[in-house]
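Each chain is listed here by its residues.
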There are 4 protein chains.
Amino acid sequence: MNFASDNAAGVAPPILDAIRRANDGFALGYGDDALTRRVERSLCDLFERDLAAFMVATGTAANSLAIAQLAPPWGAVLCHREAHIMTSECGAPEFFGGGLKLVGLPGDDGRITTDILEVALDANEWGGPHHVSPAVLSLTQATEAGTTYRPDEIARLADIAHRRGMSVQMDGARFANAIARLGASPAEATWKAGVDVLAFGATKGGAMAAEAVIFFDPASARAMGERRKRAGHLMSKHRFVAAQFDAFLADGLWLRLARHANRMADQLGQGLSEIGFRPLWPVEANLVFVVLPQDVHKRLTAAGASYYDMHRDTAPAAEFARPDDVLVRLVTSFSTTVEEIDRFLAAARA
Amino acid sequence: MNFASDNAAGVAPPILDAIRRANDGFALGYGDDALTRRVERSLCDLFERDLAAFMVATGTAANSLAIAQLAPPWGAVLCHREAHIMTSECGAPEFFGGGLKLVGLPGDDGRITTDILEVALDANEWGGPHHVSPAVLSLTQATEAGTTYRPDEIARLADIAHRRGMSVQMDGARFANAIARLGASPAEATWKAGVDVLAFGATKGGAMAAEAVIFFDPASARAMGERRKRAGHLMSKHRFVAAQFDAFLADGLWLRLARHANRMADQLGQGLSEIGFRPLWPVEANLVFVVLPQDVHKRLTAAGASYYDMHRDTAPAAEFARPDDVLVRLVTSFSTTVEEIDRFLAAARA
Amino acid sequence: MNFASDNAAGVAPPILDAIRRANDGFALGYGDDALTRRVERSLCDLFERDLAAFMVATGTAANSLAIAQLAPPWGAVLCHREAHIMTSECGAPEFFGGGLKLVGLPGDDGRITTDILEVALDANEWGGPHHVSPAVLSLTQATEAGTTYRPDEIARLADIAHRRGMSVQMDGARFANAIARLGASPAEATWKAGVDVLAFGATKGGAMAAEAVIFFDPASARAMGERRKRAGHLMSKHRFVAAQFDAFLADGLWLRLARHANRMADQLGQGLSEIGFRPLWPVEANLVFVVLPQDVHKRLTAAGASYYDMHRDTAPAAEFARPDDVLVRLVTSFSTTVEEIDRFLAAARA
Amino acid sequence: MNFASDNAAGVAPPILDAIRRANDGFALGYGDDALTRRVERSLCDLFERDLAAFMVATGTAANSLAIAQLAPPWGAVLCHREAHIMTSECGAPEFFGGGLKLVGLPGDDGRITTDILEVALDANEWGGPHHVSPAVLSLTQATEAGTTYRPDEIARLADIAHRRGMSVQMDGARFANAIARLGASPAEATWKAGVDVLAFGATKGGAMAAEAVIFFDPASARAMGERRKRAGHLMSKHRFVAAQFDAFLADGLWLRLARHANRMADQLGQGLSEIGFRPLWPVEANLVFVVLPQDVHKRLTAAGASYYDMHRDTAPAAEFARPDDVLVRLVTSFSTTVEEIDRFLAAARA
């Protein structure tokens, strides 16, 4: 009953197989290899356009490299105040970006709305030389709250950003889960809706360590090779990160894995609702947030369930009926089983 | 009728005289001169203790060098959300600090309270490796709202910070105005209350370009010389920045100048109150904030009054009776005259 | 006949097996897993002391994180002028180190001598506030020229560095090859000889992407977790980098793989000598440098041999008999075969 | 007898007067004042073209801001190995430039030649993603050795740089001395010869603290305002730095002051030659380098002469007849007197 994180899951077998197959003979390092070329072509096919892709091993690197490419050191990056880049990367975007500034925006369900974005842009003094300049709108898809942005929402937000001269970056650590849910094509959910750069995550979705920074306008990726290298993120035996992506994308594996994770989250959310623990936010990806009474929490933990409790400020105070109620985050993955869900619900119910 | 800023004022005549007197013969550059030594001794006398002082030419440099010395790149600097370092230095602390993070706290009257500080420290996830670590509490004295922290308030805030392993830095661009008001000694209002480092401003108080970063524990200033030099803030003909501070401190000039500026602000505030425009926040330094009806604002401007209007979000919405009411900031200085105040009030009244 | 680089080789089968075995069930991310703990213990055993280890995916990251931890932004890092960190990491140490300065030293055979180090330390103006301060001596073991430092040489160099207040960092991308050759224990070749921090590479030795930054004094690793995280180098599914190291260290695999690579380099060097192409520098690891006449170079290339030619300035001019002679670098690896060597020599000879 | 540095001199009286005159009434801060506008126009007139100018208080800031604007963090800045930015600014260009790399070139007389530049550009591996890219050629005019580049030499160097896609920056801390000597117009010695950005120093020439970063192509100065502000180098009471430049440029004062300093250096150099101490390098600005026997050095010091001795590596070993010979640098300034020169020569002679 492991619902701690999708990064506590292992590697999907087809991806592990691909790594093994890639281990055949010699291949030049640093991305000068055939598998890397093939992944680049696959990404172009998948997104239905020319693009520039840079694979790295961590999501922190993918987001931070993307942001640093889009924002000058005196730029502001507007993101949800609970965004991973804001709260959980120990200041990585600031490091990569030479001291740029993240500005956290409010928003229910982990989502920024057009109203929120416009208020933020209007309420602050921006621009030189005294104030930082809004440079990037960063959207997390799926969000930290397990919700998703629909393409039309993205388009409206991107439109506001672009009109202010900002770029739009998408943290897609769980992009697969969002796409699996939305029924939109990857192109529709990104560049067709105004996303300029996507950090496309494979790790949480079933890879070992593989993320791709995707610039939909290749011209905007100028010198990204140097940026990646000097950050230590150009892999030496690069074929192995490429192999992961190759398998991830082949025959829609990435979507099959994500659909499973989403389905498991749905069952978990529905099961908890039936017991009386309604998820706080719509379950639109592979995350379920519920408030549990202390005794239920203890019973689940005793039964061996693994998950994180969140700071109570993450949810409206009204959600907590008792002072010792616990807000918990349950994450499913490609490897979550129906049996785990059932056992968890049984333990919660009992 | 210039109330735009205290940096729109010129240089107090005794300071200009001191610059002229310092221009006699040769003196080694980069601070190896007798005037610099004398200022260092004067600061020790003024603050009643051994200390390490580093003079620079701008307040942005003074604050940013101090903060970078106290916080690692993965440190968080907690400050008021309207603090100058947060809003008006174009990301300077982030640049000097290698990408550290500023966290803006709310607070009426421009002041952080112990409650606010404790809530912020408790509400966030802090610490490695995923989260930044609280490293510095930065207090602005006098605040951007023209209010001041009393020594006992500082002591309680500093105590919270120190118990969390944080340092306390004070942005004292208007330190003179605060001290002139508080009736506390410089020592009582700083290190005796727990302030670790003070950016002591002379520029707004009547100097040309002179600020001092003061480390009350000289050991904490290790390698500050290198830090200042590589930021381009070690003055070549250093005797001239020292001469300014020397005159500023001599015979209490700094307090006489500040008392005049404060008195002018008091008269302005009282005069406006009598007309019906009550200052939003207590006038405790040389700043007066009032909401003016549009016609009064226009009349004043037409009469030649110079001042800035502020974003309405700076004040509670309830302060604005009419949609076109304007929140204005009026700043007095050592060179403000009673005649200017009278003319301004007459124009406001008419 | 692939002698381009040891990173053009794949992954040693036992390491690939270990990755597969690690893919069993759930394990908390970010290093909170049992395999990571086991590797940490293995490293303590191997180096015969308590230490702090941080695994990352690239050598650039390992070196740069180590250096940034040891040197302040105003520090100088003294290294061989042909060192990888100097020439081939696109300024990574400078990026991680907040703008520190690398100072390249001369030295035949890729090695810095005590004389060279002392001359460099004496010939420059060092120290604050005007000059950078010598902070780190970085030694590459084995060197870029395929030579090695003996423990007593390291000890003498480290002694000079320590007496100047510097730390000693070792770039051990080919540490295994050096140890396999030296007949010294890992402890004798590192901390017992004065090395403070080792970037211990497994990738070139047969892993997929695994390097460890090893602090022999755990106290000197303070906040390295934050430093690694904000550089994007904390792996999410950390167990898989740990699995690689676990297998690399188990039963001396790392030394067996390195001994094979070294033996292949020996055979290559001896064979080339017999034909008349004497290696420029002693073959003490898995690198062979020879000057080839243009026709031999063309014949080898035509025969399918893969290797890099080097800039002629890398070797003394006297080594080049003809203007179109080519300096080439031949790198062997754990996967080089005797048959490849034989074919290469045959093609060179014919 | 002060020959320690031109920054040990004070402020030329007309510049001090201008500061006093500028202290009349109010003027908006941060450069929004009439004097700043006037200096900008004067600079356009002086350089016979449209340009963008940014005044700051130190030469370190002027050079570092210019370089950071021209080079990306993965850029290399080629400069003479004795250049001030290389040896004496504690890594400031690296700090401002986000960790860029300075590459020191050899060159007699403090000058880089076209041969040296081409060899350096050809001898190194440059470019992404593994190597830094040559981005800026930095020329010091007058050089650290007291020599000057003639416009045609600059043009040939700039041509090489431009053909490689590099920009040309000039460290003009002693630009006035060079122009006073060369008999070329400021335009001829800068943009007409291919200089893209000039750090035009007034401080050493007689100002208190005033330098200007001049972009001959205003478009290349995009966001320099933000860059200057976040480095703490936008002066608050900006009119006073403008006043210095205004007086410096008025009626050719800058050239008159420089001509005097140069003439004093000439007399010193000729006088020393007559005694038998020939200057090492042509005296083309306000610097004289001579090797003195120990007893002469002691006699001069005893007589009260102030100057610095240099590291012997700065000059060819053959210049030192005796092991205790001392290489000294003598700097004249606008305030050096004939009487000082005579006394110095008398003491040297006796």
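Criteria and thresholds
- Residues numbered from 1 in each chain as written.
- Chains lettered and ligands numbered in written order.
- Predicted model: local features only at pLDDT ≥ 70, side-chain atom pairs only at ≥ 80, totals over all residues.
- Heavy atoms only, no water.
- Core = buried A, V, L, I, M, F, W, Y, C linked by side-chain atoms within 4.5 Å.
- Buried < 20%, exposed > 50% of the residue type's maximum accessible area, 1.4 Å probe, protein only.
- Contact = heavy atoms within 4.5 Å.
- Buried area = accessible area lost by both parts, 1.4 Å probe.
- Salt bridge = Lys/Arg side-chain N within 4 Å of Asp/Glu carboxyl O.
- Polar contact = N/O pair within 3.5 Å; in protein donor to acceptor, adjacent residues only side chain to side chain.
- Helix = DSSP H or I, 4+ residues; strand = E, 2+ residues; numbered from the N terminus.
- Nonpolar A, V, L, I, M, F, W, Y, C, P; charged D, E, K, R; others polar.
- Least-squares fit on C-alpha atoms with pLDDT ≥ 70 in both.
- Expected span 1.5 Å × (residues − 1).
- Phe/Tyr/Trp six-rings, centres within 6.5 Å; stacked < 30°, edge-to-face > 60°.
- Lys, Arg positive; Asp, Glu negative; His and termini not counted.
- Pairing = 2+ DSSP bridges.
- Axes fitted to C-alpha atoms, helices over the stretch in contact; angles between N-to-C directions.
- pLDDT = per-residue confidence, 0-100.
- Right-handed = clockwise from strand over helix to strand, strands pointing away.

**Some thoughts on the nonpolar core**
In step 1: Of all hydrophobic cores here, the largest spans 139 residues; its most connected members are Phe200(A) and Phe200(C).
In step 2: Once residues within four sequence positions are removed from consideration, Phe200(C) is found in contact with Leu43(C), Leu46(C), Phe47(C), Gly172(C), Phe175(C), Glu211(C), Ala212(C), Ile214(C), Phe245(C), Phe248(C), Leu249(C) and Trp254(C).
In step 3: If you look at the next biggest cluster of nonpolar residues, it comprises 138 residues, including Ile154(B), Met170(B), Ala180(B) and Ala120(D).

**Re the interface of chain B and chain D**
In step 1: Opposite the 51 residues of chain B that make contact, chain D presents 51 residues.
In step 2: Taken together, the two surfaces of chain B and chain D that pack against each other cover about 4100 Å², and 60% of this comes from carbon and sulfur.
In step 3: The interface formed by chain B and chain D includes 0 salt bridges.
In step 4: At the junction of chain B and chain D, the tally comes to 27 residue pairs in polar contact (both at pLDDT 80 or more).
In step 5: Among the elements of the structure, helix 1 (13-22), helix 3 (59-70), helix 5 (92-96), helix 9 (224-230) and helix 10 (239-249) of chain B are those that each provide at least two residues to the side of chain B that touches chain D.
In step 6: Looking at the side of chain B that touches chain D, its residues break down into 24 nonpolar, 18 polar and 9 charged.

**Remarks on the relation of the copies chain C and chain A**
Both copies of the chain are placed relative to one another by a rotation about an axis and a shift along it.
In step 1: Laying chain C over chain A is done by rotating through 180 degrees and shifting 0.0 Å along the axis; what remains is an RMSD of 0.0 Å. Here the two chains are linked by the operation of a two-fold rotation axis.
In step 2: Counting the interface residues of chain C, we find that 100% of their copies in chain A are interface residues as well, pointing to one common contact surface.

**Re the interface of chain C and chain A**
In step 1: Facing 51 residues of chain C, the contacting portion of chain A comprises 51 residues.
In step 2: Regarding the contact of chain C and chain A, the summed buried area is about 4200 Å², with carbon and sulfur atoms giving 60% of it.
In step 3: Taken as a group, Phe26(C), Arg230(C) and Lys237(C) account for 19% of the area that chain C buries against chain A, more than any other trio of residues on that side.
In step 4: Joining chain C to chain A, the criterion identifies 0 salt bridges.
In step 5: The interface formed by chain C and chain A contains 27 residue pairs in polar contact (both at pLDDT 80 or more).
In step 6: Mapped by element, the contributors of at least two residues to the side of chain C that touches chain A are helix 1 (13-22), helix 3 (59-70), helix 5 (92-96), helix 9 (224-230) and helix 10 (239-249) of chain C.

**What to know about the relation of the copies chain B and chain D**
In step 1: Superposition of chain B onto chain D requires a rotation of 180 degrees combined with a translation of 0.0 Å along the rotation axis, giving an RMSD of 0.0 Å.
In step 2: Comparing contact sets, 100% of the residues at the interface of chain B also lie at the interface in chain D, consistent with an isologous, same-surface contact.

**Observations concerning helix 2 (residues 34-47) of chain D**
Residues and elements named next belong to chain D.
In step 1: Over its 14 residues, helix 2 runs 20 Å from end to end, which matches the ideal 20 Å to within 8%, given 1.5 Å per residue.
In step 2: Residues of helix 2 that are buried: Leu35, Thr36, Val39, Leu43, Cys44 and Phe47.
In step 3: Structurally, helix 2 contributes buried residues whose contacts are with helix 1 (13-22), strand 1 (52-56), helix 8 (175-182), strand 6 (197-201), strand 7 (211-215) and helix 10 (239-249).
In step 4: Backbone nitrogen of Leu35 and a side-chain oxygen of the N-cap are separated by 3.1 Å at the start of helix 2; the cap is Asp33.
In step 5: Just past helix 2, the residue Glu48 takes up positive phi, approximately 60 degrees.

**What about the packing of aromatic side chains?**
Residue and element names in this part refer to chain D.
In step 1: Applying the stated criterion across every chain, the model contains 66 aromatic pairs over all chains.
In step 2: An angle of 75 degrees between the planes, with centres 5.1 Å apart, marks the rings of Phe3 and Phe344 as edge-to-face. Linking Phe3 in the segment before helix 1 with Phe344 in helix 13 (residues 338-349), this pair joins segments that are 341 residues apart in sequence. A single burial state applies to Phe3 and to Phe344, both of which are buried.
In step 3: The interplanar angle of 50 degrees and the centroid separation of 6.4 Å between the aromatic rings of Phe248 and Trp254 together place this pair among those described as tilted.

**A few points about the pattern of salt bridges**
In step 1: Counted by the stated rule, this structure contains 68 salt bridges over all chains.
In step 2: In this structure, Arg37(B) and Glu40(B) form a salt bridge, with 2.9 Å as the shortest nitrogen-oxygen distance. In this pair, Arg37(B) and Glu40(B) are both assigned in helix 2 (residues 34-47), 3 residues apart and thus about one turn of the helix distant.
In step 3: Residue Arg37(B) is classed as partly exposed on the basis of its relative accessible area, which comes to 34%.
In step 4: Linking Arg156(B) and Asp152(B) is a salt bridge whose minimum nitrogen-to-oxygen distance equals 3.4 Å. With a gap of 4 residues between them, Arg156(B) and Asp152(B) both fall in helix 7 (residues 151-163), about one helical turn apart.
In step 5: Residue classification places Asp152(B) among the partly exposed positions, given a relative accessible area of 36%.
In step 6: The structure contains a network of salt bridges with shared partners spanning Arg150(A), Asp152(A), Glu153(A) and Arg156(A).

**Brief notes about the environment of Gly205(A)**
All names here are of chain A.
In step 1: Within the element layout of this structure, Gly205 appears in the loop between strand 6 (197-201) and strand 7 (211-215).
In step 2: Separated by 43 residues in sequence, Gly205 and Phe248 place their C-alpha atoms 8.6 Å apart.
In step 3: Every residue in contact with Gly205, bar those within four places of it in the chain, is listed here: Phe248, Leu257 and Phe334.

**Quick look at unusual backbone geometry**
Backbone phi values are negative for most residues with the exception of glycine, while trans is the configuration of most peptide bonds.
In step 1: Along the chain, Gly128(A) connects to Pro129(A) via a cis peptide bond; the corresponding omega equals -5 degrees.
In step 2: Within the secondary structure, Pro129(A) is located in the loop between helix 6 (114-123) and strand 4 (133-140).
In step 3: Cis geometry is found at the peptide bond from Gln141(C) to Ala142(C), where omega equals -10 degrees.
In step 4: At Asp251(A), a position not held by glycine, the phi torsion is positive, near 55 degrees.
In step 5: Along the chain, Asp251(A) turns up in the loop between helix 10 (239-249) and helix 11 (253-275).

**What about the side chain of Glu226(C)?**
In step 1: Turning to its location among the elements, Glu226(C) is positioned in helix 9.
In step 2: It is Arg222(C) that comes nearest to the buried, bridge-free Glu226(C) among opposite-charge side chains, at 7.8 Å.
In step 3: Within the local environment of Glu226(C), its side chain forms a polar contact with the backbone nitrogen of Gly128(B), the two atoms lying 3.5 Å apart.

**Some thoughts on the sheet that holds strand 8 (residues 287-292) of chain C**
Residues and elements named next belong to chain C.
In step 1: Spatially, 3 strands are ordered 8-10-9 in an open sheet, and the strand pairing comes out antiparallel. Either end of the sheet is taken by a strand with one partner, and the two such strands are strand 8 and strand 9 (308-309).
In step 2: In this sheet, strand 10 (residues 326-331) lies alongside strand 8 in antiparallel orientation, the contact comprising 6 bridges. Within strand 10, the position partnered with Leu287 by the bridge is Val331.
In step 3: Together, strand 8 and strand 10 form the strand contacts of helix 11 (residues 253-275), whose direction differs from that of strand 8 by roughly 20 degrees.

**A closer look at the confidence of the model for chain A**
In step 1: For chain A, the mean per-residue pLDDT works out to 97, and 100% of the residues sit at or above 70.
In step 2: Among the prediction metrics, the complex's ipTM stands at 0.97, with pTM recorded as 0.97.

**Some details on the sheet that holds strand 8 (residues 287-292) of chain A**
Residue and element names in this part refer to chain A.
In step 1: Taken together, 3 strands build an open sheet; the order of strands is 8-10-9 and the sheet is antiparallel. Only two strands of the sheet have a single neighbouring strand rather than two, namely strand 8 and strand 9 (308-309).
In step 2: In this sheet, strand 10 (residues 326-331) lies alongside strand 9 in antiparallel orientation, the contact comprising 2 bridges. Within strand 10, the position partnered with Asp309 by the bridge is Val328.
In step 3: Running over the sheet, helix 11 touches strand 8 and strand 10 and is turned about 20 degrees from strand 8.
In step 4: Across the face of the sheet, helix 12 (residues 294-302) comes into contact with strand 8 and strand 10 while running at roughly 125 degrees to strand 8.

**Thoughts on the side chain of His84(A)**
In step 1: You can see His84(A) is positioned in helix 4 (residues 84-87).
In step 2: Discounting residues that sit within four places of it in the chain, His84(A) has contacts with Glu89(A), Glu144(A), Asp171(A) and Tyr30(C).

**Thoughts on the environment of Asp6(B)**
In step 1: Mapped onto the fold, Asp6(B) is located in the segment before helix 1.
In step 2: The spacing of Asp6(B) and Ser335(B) is 329 residues in sequence and 8.9 Å in space, taken between C-alpha atoms.
In step 3: What Asp6(B) contacts, discounting residues up to four positions off in sequence, is Arg174(B), Lys204(B), Asn286(B), Val331(B), Thr332(B), Ser333(B) and Lys237(D).
In step 4: Within the structure, Asp6(B) has its side chain in polar contact with the side chain of Ser5(B) (distance 3.4 Å).

**Some details on the pairing of strand 4 (residues 133-140) of chain D**
All names here are of chain D.
In step 1: Here strand 4 lies mainly inside the structure; 8 of its 8 residues are buried.
In step 2: The pairing of strand 2 (residues 75-80) with strand 4 spans 4 bridges and is classified as parallel. By the bridge assignment, Ala76 is partnered in strand 4 with Pro134.
In step 3: Pairing of strand 4 with strand 5 (residues 167-172), which is carried by 5 bridges, proceeds in the parallel orientation. Counterpart to Leu137 in the pairing with strand 5 is Val168.
In step 4: Once you follow strand 4 into helix 7 (residues 151-163) and on to strand 5, the crossover reads as right-handed.

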